[in-house]
2 protein chains.
Amino acid sequence: MPEYSVIGQRLPRVDSMAKATGQARFTGDMALPGMLCGRILRSPYPHARILHIDPSRAQRLPGVRVVVTGKDTLGIKYCSIPVPDLYDEMALPTDTVRFMGEPVAAVAAIDEDRAEEALDLIRVEYEPLPAVFDPVEAMKAGAPQIHSVDQNIAFTVRHSVGDVEEGFRQSDYVREDTFTTQCVVHCALETHTSMASFEGSGKLTVWASSQSIFSLRDDLSLTLGVRLGDIRVIRPCVGGGFGGKIHMTGVEFCAALLSMKTSRPVKMAHSREEEFMAARCRHPMSLRIKTGVKRDGALMAKQVTNIADNGAYNSHGVVIIGRAGAQMSCLYRVPHFKYEGYLVYTNNEPGTAFRGFGHLQGRYADDCQMDLIAQDLGIDPVELRLQNAVQPGDVTPHLWKITSCALSECIEKASDRAGWKQRRKGLPPGRGLGMAGGSYVAGQRLRHGVSGAFASLHEDGSVTLLTGASDVGQGSDTLLSQIAAEELGVAFDDIKITSGDTAVTPVDPGAFASRTTIAAGNAVRLAAADAKRQLLEKVAEKLDANPADLEIKDRRIYVRGSPERGLGFADAVRSILYAFGGNAILGRGEFDAKTEPQDKDYLRHGAGHLSPAYSFGAQVIEVNVDRETGQVEPLRATVAQDCGFAINPLSLEGQVESCVAQAIGQALTEELVRKDGVVLDPSFLDYKLPTALEMPVVDTILVEPIEPVGPFGAKGMGEGTVVPTSPAIANAVQDALGIRLKSLPMTPERILKALEDQAE
Amino acid sequence: MPEYSVIGQRLPRVDSMAKATGQARFTGDMALPGMLCGRILRSPYPHARILHIDPSRAQRLPGVRVVVTGKDTLGIKYCSIPVPDLYDEMALPTDTVRFMGEPVAAVAAIDEDRAEEALDLIRVEYEPLPAVFDPVEAMKAGAPQIHSVDQNIAFTVRHSVGDVEEGFRQSDYVREDTFTTQCVVHCALETHTSMASFEGSGKLTVWASSQSIFSLRDDLSLTLGVRLGDIRVIRPCVGGGFGGKIHMTGVEFCAALLSMKTSRPVKMAHSREEEFMAARCRHPMSLRIKTGVKRDGALMAKQVTNIADNGAYNSHGVVIIGRAGAQMSCLYRVPHFKYEGYLVYTNNEPGTAFRGFGHLQGRYADDCQMDLIAQDLGIDPVELRLQNAVQPGDVTPHLWKITSCALSECIEKASDRAGWKQRRKGLPPGRGLGMAGGSYVAGQRLRHGVSGAFASLHEDGSVTLLTGASDVGQGSDTLLSQIAAEELGVAFDDIKITSGDTAVTPVDPGAFASRTTIAAGNAVRLAAADAKRQLLEKVAEKLDANPADLEIKDRRIYVRGSPERGLGFADAVRSILYAFGGNAILGRGEFDAKTEPQDKDYLRHGAGHLSPAYSFGAQVIEVNVDRETGQVEPLRATVAQDCGFAINPLSLEGQVESCVAQAIGQALTEELVRKDGVVLDPSFLDYKLPTALEMPVVDTILVEPIEPVGPFGAKGMGEGTVVPTSPAIANAVQDALGIRLKSLPMTPERILKALEDQAE
C-alpha cells in the first residue's frame, strides 16, 4: 500500500466551520433586491379534472404580482428519467390532478402572508374523479384509469436467467413468502427551496437545494422552453437530499415561471407539510419470493414478483423497480433467477429516488427470507450467507460484473465483532441478534455518466478546484479536495473547491447512486494529474531533470532520491506564472466508467453492468424487545462495509451512522399514513423519525479492498449501508421473540399482534 | 482573408440587455444578511504625524460595531508594482499621513448615517508637518521630506540610445520646448465600491469594482495577512475603470478589515468627493524636449527631461514615467535619443494608472513640438510625420519590436478623410485643423502576463467560457465570446461567459495596457481550440473520417468538401456526453506573450520589448475657437486607428468615441485644482467633464493590418486612441489662431491670455 499524506485521513469537512458558526448559506438565506415570495396552491382531491381556475380575486389582492396556472405553461410533460415514452407529468398540470397535494396554481406576492392569502382567493372548479390507492386494486379491471395505460401499469420489468422451474425441480426445499414495505419520506431538514431570477435578456438563474444541478437545468429547459445554456443553476449549501432532491419539483418550476412572468426574483420553499404530502416518497413494494435451495444451503432458484406503488407519476420508478430485482440476484449466488416487477400507478403521492433506491426493499425481502430458510434447514444464518456469497469476478444474473467485493469478509467481520457465535445462543429473553447483507451500485447513471473537473494552480500553492459534483451535506467537497491534494502533493487546505454552479463548473450528473467518489473522484484526480504534469514539465527544465524523475510531497517538488534537488510547490508555481512568457497551470479531467448495458432494452430488464463498481456490506444488529409494549430497541449495530480504499474514514463512519439511523426509521417507526389519498401524519410530531435517543451504538468496520476503477482504490458507499439494516432488525426480532413480521415498519402494534398470533 | 462568421461583426454587447433594463448588478447592488456600512475618516492635513487616535466616543455610539485605525493593521506597506523596494504606502497608515484625504481610520456601523456620525466622533491628534506640492520645489534642498529618499525623488528613469550630442551636431535645426500637463481624475460613473465578507473559517470574500481581481487579491493577501487562496475576489458589473480601479484603495482594504473585525459583511463606497480627493489621478508632468532635425525634416536627436508629480505614494508611477519616455521614441524614428524621467514625491493625491498611462503626456509634448518643427521648417505637418513614421520591423530606441504597424496608413487615411490638403488653407477665421499620431502597447505586463481560459461544451451546443479577464464596461466579455464562437464554429449567443471571480476563473492580470484582446483573446481561442480538438476526435470516429478533415461552421460539423457527411454541433456534443463511457468536452487555454525585457534593469530604463504588439493611430481634429470667449469647440475628430483585425467594429468605435471624449476633457476643460493640497473642485459641478453636448462628430476609420501574435490578427486599442487627441487639438488651435499653448488644459482663460500675449 503506498504511503499517503492526505487521503486515508480522518479530516474534518471543508465546510464544518461555516456550518458550525451559521455562516454557511443555504438557498433560504439567499435574497435579491425586489424579491417576491412564491407559494403553491395544491389539489384537495386525489384525482380530479380541473374545469376552471379563476385567479382574478387573488390577482386583485394588493401585493400580489401574478398568479400562474397550467394555462400559463407550455403544457410540456417530463420525467426524471429522460426517456420521452415515460414523460407523464406536468409541473403545473393543465387539466387533471392525480394526487392530493399536486400543484394547481402558484402565486408571487411581496411577502409570504400576502402569498398565502392569495392562495385562498384562487377559485378552482374541479370535477372529482374516482381514485385508487392500492396498486393491486389499480391493476384490476374496472379500476379508475390514472394515465392512458392498461391496468394502470406504468412499467413492467422482466428479467430471467437460467430456468427457474428447473431450478426449483433441482431444489431439496422451496419456500415462498411475501414481504411488504411502506411509504417513507426523505425528511431532509431543509425542505425544497428555490430562488429564481429571470432577466430581460432571457437568462434564468436558479438557486436550488438540488442534488443534481445539471439535471434540474435539463428539466427546467424542457418544461419552460428556455434554452439550456441560458439557464444557470446554482446550488448553495444543501440541508440533505437522500434522493428527494434529484428531480425537479413544483418549487423549482414555479419559482422560475413566476420570475419569468414578473421579471422579479422569486423565492419559495416547501412547508414541512408540503414536503410530506407532495415532495415524493419511497415506493412501497410488495415482493413475493419463491426460493429453492439444496439441503446443504446452496441456493438453486429464485423467482420474484414485485408490485410497486408508483403513485401518480413515474419519476425514477422505472429504474427503481429494476434495481429491486437486481438486488435480489446480486448478493447470494443463484443460478436460476426470474424477476417480474410491476410499477403501478395509483392516486398516491408519487415515489422517487430515496437512499437505497429499490435495493432496500428488495434486500429486506430477500434477507428476511434467507433467515427463514436458514431456520428451516437448521443452518446458521451467517454460514448460509457465507456459503452463497457473491465473490470478486462473478457476473450476477443481472449482469453486474463484480470487481472488488469483500462481502464474505464483511459477513465474517461483522459477525465476529458482534460475538455472533459466542453470544447468540445465550442472550437474555427479549434480546436478539440479526444479520443481513447488502450491496449497492457505486455509480449507475440516470442521464449521462460523465463527471468533469478543472484544477488551477496559484502562486501561493493553493489550488482552485472546479467540480460539478453536488455536496448536499454528504461531504463530497471534502473527499474531492483530499483526492486533489494527494495527487498534487499539497496539503488538504491548499485545495479551494467550488462545486455546484452550472455556469462555472464542469458537468456532473449529481449526487446519487453513490457515484461521486468514483466518477467525480476520478475526474478530479485526472484534473490534478494534468496540472501536475504541466507543473513538473516546467520544473524539470529548472532542475535539469526528467519530469518522470520528479515527485511532489508535502508541498515540495524534488528529484526522486535527491530531496535536496528541489523547490517549494508555491515557489515553483509562482516562478512559472511570473516568468516572461510564463504559463498558467490549468488542469482538466473527466471520467465516465466504461460500462455498457449489454442489452438495448436494459430499462425493461432492469439488468446490465451499468455501474463501474459495487459496494457490499453486512450488519449484525442486536435488539431488545419489550413484550409488554411491543417496543423494539436496537442496542448495537455492528456494520462491516466494503468501501474500497477509505479516503476519509471519519466521513465514511458518518455515512454509516446516518444510514443506520434512517434505516431504523424505515424498520421500526416511520410510515406516511394515507387514507383515501390524505396524508394523516404530515409533521414531525406525527411522523416518527428516529432521534438521537433512539440510536443504537454503531460499531463501524471499514473493509477496504482496492477497487481497480476507483480513485486510489475507493468506491462509493453512502447509500449501500442503508440496505441491510431493516432485514437485520427483522431477523433480530425473530431471534428475540420467534416471530416473523413480513411488513415494515415493525411497530409496537404489529409486534404485539404477532405475539398474540404466536400465543394462539 | 478567411471568411468569418462571428468575428468582424458589429454585435451588441452580451450584457447590453441587462444594463439597459437595470438588471445588471454592480457591487453597490450587492447585499448580505447582517451587512454593515463602512466609512473612512480622512486626513485634513496634507502632511502630518498621527500622534494619537481616540475612537472611544465613536465606538460608544449605538449602532457602531467597530472603529479601526492603523494600529489594527499589520502595518505592511505595498505598492501597485510588486517590487518590495517600491512599497511605500499603508492602506491605513500607522504614523504619518502624506496627502489630504488619506485614510486615517474606518468605521463599520449598522447604516450610513450612523457611520458618518461616528466619523465625527473619532478624535485624532495630529502634528502638522511642512508640506510641498510642486515637484520642482520638492527636489530642492531643504524641502520637506515626504519619504526617506533624497530630494523626494521616488524613482529615476534614464535611457539613452546613440549619442544625442552628436545627433544635435548633425542637425540643421534644433529647438527646445517645455510642455506641462495637469492633474485629471478618472471620473468613472461608479465610484470605488467594495463589499467584504469574512467567515470564521478564515475565508474572505470580496466583491469589488476592480479592473484586476487577481492583483487585488494579491494586495489584500499581503496587507491583511490572509492567505491568497483563502481570499475570493468577485467582480460584479463595473461602471468604468480607466486605470483607477487597478490598484487596491482604502475602500477594498477597509471593507475587508472591518469584516474581519466584526465577522459581519461590510459594504462601503467612495462618495464622489472622496473619489476626487483620494482615489488617485493622472500624473501631472513637465516635459522639456530638445529635438534636432535635418533641413528636410529627418529627425536626428531627441533629449527629454520629464519631471512628474508622483503625489504622496508610488502606485504605478515608476512604470508610467518610463512609458512617457518610450512614447517619445516609438512613433517617429530618431537615431539618437536620451530620456531622463524624475518621479517626485509631493503632498498631493498620488497619481496612478489612467487610460494612456504616461503615453498621453509624452505624446502631447512630442506631437506639439512636431508641429512647431514643421512650422519652423515650412514642412506640412502631415508630411513631416509620414517622413519619420515608424514602420513594421523597426526596433525603437526603447527596444519595442514593431510587428504590425499601420501608422503611415493611419496618417494618410485620417488626413485624406479630413480633407487636410484641400481644406486646411481655406478655413474660415477661428477654424483650425490639427493632426497628431499616437502609439500604445497592446499588453505590457505589470505583475505576470499570463491569461488562462476554460471552455466546456454542453449538449444544447452552448459553451461555458471561463476567463479571468475583467469586463469593466469596455466589452471584453463580448469580444471573448466572439473569439470562442468563431473558433468553435458556433453562434455568438451559444457562448455563455463567466469572468471575474478568482474562485472559479483561471488567472488573468486584469484590464489594463490594452492587453485583453491579445492575451485573454489568445487564451480563449486556445481553450476553444482544445475543446474543438476533443470534439472532432470523437466525431471523426462516428463519421469514419480523419479529425483533420472535419470542419465546424454555423453549428454543423462535417467532412470538408462533403457537407452532407456531418451532424449538428449540439447533437454531436450530446451523443458524446450521453454515450456509455462518454466524455465531457473540456478545453483549457493559456497565453503569455514570449516577450523579454532584454534588460534586467528594465524598470530603471523604462525600456524593453514588454508588449506582444503595439497599436498605432492618427487623428485630425477640427476646432472652432471663439476669440471673444476663448472657448475651443472641437467640431470633428477624424480618427484612423490601427487595431489589427477588428473583432467587433461596433465596440471598437465605442472605444474610439470614449477616448476622444476623455481626451477632450484632458485637452480643454478638466483639471483637479489644488491649493496647498486642498482639492477645490471635487464635484461634477466644478470639475468640467465634457458632456455629450461637447462631443464633436467622431469619424472612425479602423485600419486592420493583421497582427501575427494576436487572435485572428487582432490587437488591443482601448487606450491608444486617447493619446493623439490633446496634441491634435493643440495643433488645431495653433492652426486656428497662430498661438501655441504649452500647458493643458487649454481653458478659455489661457486662450484669451495667449491671444493677449500675441497681440502685444
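Residues numbered from 1 in each chain as written. Chains lettered and ligands numbered in written order. Predicted model: local features only at pLDDT ≥ 70, side-chain atom pairs only at ≥ 80, totals over all residues.

1. Here's the deal with the overall build of chain A
Here is step 1 of the chain: Looking only at helices and strands, one finds 20 helices and 28 strands in chain A.
Here is step 2 of the chain: By the compact-globule yardstick of 27 Å for 760 residues, chain A fits well, its C-alpha radius of gyration being 27 Å.
Here is step 3 of the chain: Oriented by its inertia axes, the alpha-carbon framework of chain A measures out at about 90 × 75 × 50 Å.
Here is step 4 of the chain: Looking at chain A alone, contacts between residues at least 24 apart form 80% of all its contacts between residues at least 6 apart. (Helix = DSSP H or I, 4+ residues; strand = E, 2+ residues; numbered from the N terminus. Rg over C-alpha atoms; globule rule 2.2 N^0.38 Å. Contact = placed C-beta atoms within 7 Å.)

2. Some remarks on the domain arrangement of chain A
Residue and element names in this part refer to chain A.
Here is step 1 of the chain: Domain boundaries assigned for chain A yield domain 1 (27-129 + 192-269), domain 2 (285-397 + 406-445 + 599-759) and domain 3 (450-591).
Here is step 2 of the chain: Relative placement of domain 1 and domain 3: their C-alpha centres are 39 Å apart.
Here is step 3 of the chain: Each partner contributes to the interface: domain 1 provides 17 residues, whereas domain 3 provides 14 residues.
Here is step 4 of the chain: Counting only elements with at least two residues in the side of domain 1 that touches domain 3, the list comes to α6 (213-224) and β11 (231-234).
Here is step 5 of the chain: The element that contributes the greatest number of residues to the side of domain 1 that touches domain 3 is α6, accounting for four residues. (Domains from an automatic or database assignment.)

3. Details of the relation of the copies chain B and chain A
Here is step 1 of the chain: When chain B is brought onto chain A, the operation consists of a screw motion whose angular component is 180° and whose axial shift is 0.0 Å, with 0.0 Å RMSD remaining. Here the copies are linked by what is in effect a two-fold axis.
Here is step 2 of the chain: When the interface residues of chain B are mapped onto chain A, 100% of them again fall at the interface, so both copies present the same face. (Least-squares fit on C-alpha atoms with pLDDT ≥ 70 in both.)

4. A look at the packing of helix α10 (residues 359-377) of chain B against helix α19 (residues 725-737) of chain B
Residue and element names in this part refer to chain B.
Here is step 1 of the chain: Their axes nearest at 8 Å, the elements α10 and α19 cross at an angle of 30°. When the interaxial angle is binned, α10 and α19 end up roughly parallel. Where α10 crosses over α19, the two elements pack in a sense that is right-handed. Within the contact between the two elements, α10 uses Leu360, Arg363, Tyr364, Asp367, Cys368 and Asp371 and α19 uses Ser726, Pro727, Ala730, Asn731 and Gln734.
Here is step 2 of the chain: Looking at side-chain class alone, the contact of α10 with α19 contains five nonpolar, three polar and three charged residues. (Axes fitted to C-alpha atoms, helices over the stretch in contact; angles between N-to-C directions. Parallel < 35°, antiparallel > 145°, perpendicular 65-115°, else oblique. Left-handed = near helix turned anticlockwise from the far one by under 90°. Nonpolar A, V, L, I, M, F, W, Y, C, P; charged D, E, K, R; others polar.)

5. Some details on the confidence of the model for chain A
Any residue range with low pLDDT should be treated as having predicted coordinates unsuitable for detailed reading.
Here is step 1 of the chain: Per-residue pLDDT for chain A averages 96, and the proportion of residues at 70 or more is 100%.
Here is step 2 of the chain: Here the prediction assigns the complex a pTM of 0.96, and the interface score ipTM is 0.94. (pLDDT = per-residue confidence, 0-100.)

6. Here we look at the sheet that holds strand β17 (residues 451-457) of chain B
All names here are of chain B.
Here is step 1 of the chain: As summarised here, the arrangement of the four strands in space is β19-β18-β17-β23, forming an open sheet in which the pairing is mixed. Edge strands, defined here as strands with exactly one partner in the open sheet, are β19 (495-499) and β23 (586-591). For this sheet, the mean angle separating the axes of adjacent strands, direction not counted, is 20°.
Here is step 2 of the chain: Pairing between strand β18 (residues 463-467) and β19: five bridges, direction parallel. (Pairing = 2+ DSSP bridges.)

7. Details of the sheet that holds strand β6 (residues 123-128) of chain B
In sheet architecture, strand pairing relies on hydrogen bonds along the backbone and comes in two forms, parallel and antiparallel.
Residue and element names in this part refer to chain B.
Here is step 1 of the chain: In spatial order, the strands read β4-β2-β6; together these three strands make up an open sheet with antiparallel pairing. Edge positions in the open sheet fall to β4 (96-97) and β6, since each of these has one partner strand only.
Here is step 2 of the chain: Relative to β6, strand β2 (residues 48-54) runs antiparallel, the two sharing six bridges. Within the sheet, the bridge partner assigned to Asp54 lies in β6 and is Arg123.

8. Regarding the pairing of strand β22 (residues 562-568) of chain B
Residue and element names in this part refer to chain B.
Here is step 1 of the chain: Pairing analysis gives four bridges linking strand β21 (residues 556-559) to β22, with the strands arranged antiparallel. Note that in β22 the partner of Tyr558 across the bridge is Gly566.
Here is step 2 of the chain: Between β21 and β22, which follow one another and run antiparallel, lie two residues, and Gly561 among them has a positive phi close to 90°.

9. Focus: the interface of chain B and chain A
Here is step 1 of the chain: The partner chain A presents 47 residues to the 47 residues of chain B that form the contact.
Here is step 2 of the chain: Breaking the side of chain B that touches chain A down by element, the ones donating at least two residues are α1 (16-21), β17, β18, β19, α16 (569-578) and β23 of chain B.
Here is step 3 of the chain: Split by residue class, the side of chain B that touches chain A holds 18 nonpolar, 17 polar and 12 charged.

10. As for the pairing of strand β12 (residues 266-269) of chain B
Residue and element names in this part refer to chain B.
Here is step 1 of the chain: Burial of the side chains of β12 extends over both faces: Val266 and Met268 are buried on one face and Lys267 and Ala269 on the other.
Here is step 2 of the chain: Where strand β1 (residues 36-42) and β12 come together, two bridges link them in parallel fashion. For Cys37, the partnering residue across the bridge sits in β12 and is Lys267.
Here is step 3 of the chain: With four bridges joining them, strand β9 (residues 193-198) and β12 adopt antiparallel strand pairing. Counted as the bridge partner of Ala196 is Val266 from β12. (Buried ≥ 20, exposed ≤ 12 C-beta atoms within 10 Å, placed from the backbone.)

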